[in-house]
Structure formats: structure tokens, C-alpha cells
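# Observations on the three-dimensional arrangement
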Amino acid sequence: MTGPTDQADLSQQTIDAHVAAATAAFAAAQTTAELKQARLAHAGDRSALALAYRAIGGLAPEARKEVGQLLGKARAAVADALAAREAEVGEAELAARLVAERIDVTLPVELAPVGAAHPITALIELMSDVFTSMGWEVAEGPEAEGEWLNFDALNIGPDHPARGTSDTLFVEPIADHIVLRTHTSPVQARTMLDRELPIYIVCPGKVYRADEFDATHVPVFHQIEGLCIDKGISLANLKGTLDHLATSMFGEGVETRMRPHYFPFTEPSAEVDLKCFVCHGASVGNPDAPCRTCKSQGWIEWGGCGVVNPRVLIACGIDADVYSGFAFGMGIERTLMFRNNAADMRDMVEGDVRFSRSLKGMAR
Ligand code: DAH
């Protein structure tokens, strides 16, 4: 006989030997890579069993069925052996990897140093939150501001001493009339010109003054400004709002007072004082126990406030017969000094992370 059957021995014995060889090769394979080689050799297209299978066609038809069944069983046995060994090798490899990659979670690690929000930033957020939780909005304005908005719109006339170059930093060329804003109050004017009434806004931000740099002064500092314009607003609303802010900042029981003052943009105007938290007024008229915090005055100045001057409303296009409002402004640095006992303003600008860390969480 000639034909493919010549090349393939299809006896049961030989087929069993193929199966035995395949099973042995699988058992010998220790890794996925070795098992792959064994699979190609014993279960691949060119394996002895595959060739034998292809040779069936060359058999006499009556012999095909029996040999076909034999080979079918043989291939199934090889496939089962392969699958079983694959599972074993896979498991063993995983176990070995878990051992090799084991880490000791109790070892000390080098901690990446965690920074902290600057206390000024944290306090700005905290103060803004007091207002946004009452439905007020936060407004912003540019730090390089038009001279008109910084002064004239706020009823600060051309002859006002604050407009002198000794206090105000002008941006060159002077003829452009741009200043570094000396307070956050121009945002009031911007808001009144831009927004719909009623207005309830706070504006935190940087301000600039040609000041000395010492423990209690920095030429660049921060203020928060508040403005409320609505129908029927009076000084009583202002007092209530300031008391709420003071309690939120310094805790229940803090005392505030409004002391008559002058600001061109408010009428009447007042300064807001806080009862001295150190001596609680005990140093007043008591030379034996002087207080450095309030300079034995009993009160510490916190900020300015007042009923918005109708001239400002008119300059910003608001009907002063229908609407009225109040405004206030205070220094964030001052608030931080009182609230967190940060005695030296220079610490606030030096950017030493230890300062921020020392107040981390305290501003919250
Ligand atoms: N702009 C004032 C200042 O920088 C602070 C101030 C006072 C703001 C009274 C106000 C106010 O809104 O009503 O000194």
C-alpha cells in the first residue's frame, strides 16, 4: 500500500505512546514557557497526533471509524492533561510571584512631606464661607485697578490725602491712571455697576500700600470687603452681620462695638472694634496691669464699615431713593493675628512652610 498511511503508524500502541509522550512532556514542563513548547510539540498542528489524524483520510473506509475514535480519545486525553498542567503551572507561578513580591507593610517608609494651605488662604476661605452659607456671593476684581474705581467712584475726591503717592502705588505711565488697589472697596463699585440688585457680596483679595515692612505692617496685605444693597437696609443689619462674622471667627461671647469714624464712601461710618481677648478690658485705667495687645485701650480695631453713601450709589447708577445698603472691610492679616495669635506679620509673607504647618487646621 502507498499513501499517507505509510508515514503514520496508526496502531493503538503507537497512539498510546504519543499520548504518554505528551503527558510526560507536560508533566516535565515547569514554566508557562516550557509548557508552551511542550504544547506545540505534542498538541500542535505538526505533532505526531495531528499528523496521525490527517492520515485517517488515507485509510480504507471501513478502518476509518475505529482509528478515528482512537485518535479522538487520544487527543482529548492530551488536551485534558495539558489543561490540568496549565492550571498547576499557573498556580505555582502565581504562588512564587506572591512570595517574590511580598512587601513588609510594617517597614518604615519615607513620608513625602505634606504641605499646608497658607493660613491667609485658609482664613479667606473660612470668612467667605460664613457669607456664602447665608447666600452671599464672592466677587473678585483686578489688583491693578482704575484710579477712578479705587477712589472717585467711592467718593474719595482728588484732594483726599490717601490719593497721594506716599500711600498709593501708581502703575506707570501715570497718565493711564492705573493704581495697585489700596483696598478691596473698588470691587463694591464694580459690583454695583455690573450686577443686578439686590447685591450681597464679599470680596476677599490682595491690596497694596506704600507702607513700611515691619511686625505690624506689610505693603501687600489682604482685606475682605462686604457689600449689601437692598430695599430697607439699615445700620441694624450691618451690626447683626458683623456680630455674626465676629462670632464665627472668634467664638461665642466675643464682643464688638461700632465707634464713629469717617469714610468717604459710607455715611454714617464706623470702625468695628473687638473687645480685647487678652485683658478683656481690665487694663483700662490700670497702669499696674498694662496690656500690649490693646495698648490698654480695652478694644482692638478690626475694620471699617458704614451705611453706603448715597453719592456712591448714584455714581454707580443705583436709585438711592429706593435702595440703601451697608459695607464693611477688614484686614485678613489682622484677623489672623487676633484669631490665631500670630504676632508678627512678617511670618505671613516669608513663605516658610513651618509657619503654615503650625497654623494648619487652626484656621478652620
Ligand atoms: N476701604 C477701607 C480701608 O481700606 C475699609 C472699609 C471701611 C471698607 C469702611 C468698607 C467700609 O467697605 O464701609 O481702610
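Residues numbered from 1 in each chain as written. Predicted model: local features only at pLDDT ≥ 70, side-chain atom pairs only at ≥ 80, totals over all residues. Heavy atoms only, no water.

## Examining the pattern of salt bridges
One side chain can pair with another of opposite charge once the charged atoms of both are near each other. Tallied over the full model, the rule gives 13 salt bridges. In this structure, Glu255 and Lys275 form a salt bridge, with 3.5 Å as the shortest nitrogen-oxygen distance. Taken together, the residues Glu255 in the loop between helix H8 (235–250) and strand E7 (256–263) and Lys275 in strand E8 (residues 266–275) connect sequence positions 20 residues apart. Residue Lys275 is classed as partly exposed on the basis of its relative accessible area of 23%. As a salt-bridge pair, Asp273 and Arg259 come within 2.7 Å of each other at their nearest N and O atoms. Here the residue Asp273 occupies a position in strand E8, and Arg259 occupies one in strand E7, the gap between them amounting to 14 residues. Residue Asp273 is classed as buried on the basis of its relative accessible area, which comes to 1%. (Salt bridge = Lys/Arg side-chain N within 4 Å of Asp/Glu carboxyl O. Helix = DSSP H or I, 4+ residues; strand = E, 2+ residues; numbered from the N terminus. Buried < 20%, exposed > 50% of the residue type's maximum accessible area, 1.4 Å probe, protein only.)

## Focus on the sheet that holds strand E2 (residues 144–146)
The strand order across the open sheet formed by 3 strands is E2-E4-E3, and the pairing between neighbours is antiparallel. Here the strands that pair on one side only, and so sit at the sheet edges, are E2 and strand E3 (170–171). (Pairing = 2+ DSSP bridges.)

## Details of the site of the ligand
Around the ligand lies a shell of 15 residues, among which His183, Gln188, Arg209, Gln223 and Glu225 are the nearest. Contacts to the ligand include His183, whose side-chain N or O atom sits 2.9 Å from a nitrogen atom. In the complex, the protein chains occlude 89% of the 350 Å² of accessible area that the ligand would expose alone. Looking at the shell around the ligand, the elements with two or more residues in it are strand E6 (220–230), strand E9 (299–308) and strand E10 (324–331). Of the residues contributing to the shell around the ligand, the split by class is 5 nonpolar, 8 polar and 2 charged. (Near = heavy atom within 4 Å. Polar contact = N/O pair within 3.5 Å; in protein donor to acceptor, adjacent residues only side chain to side chain. Areas by Shrake-Rupley, 256 points an atom, 1.4 Å probe, with all protein chains shown as cover. Nonpolar A, V, L, I, M, F, W, Y, C, P; charged D, E, K, R; others polar.)

These figures capture arrangement, not role.
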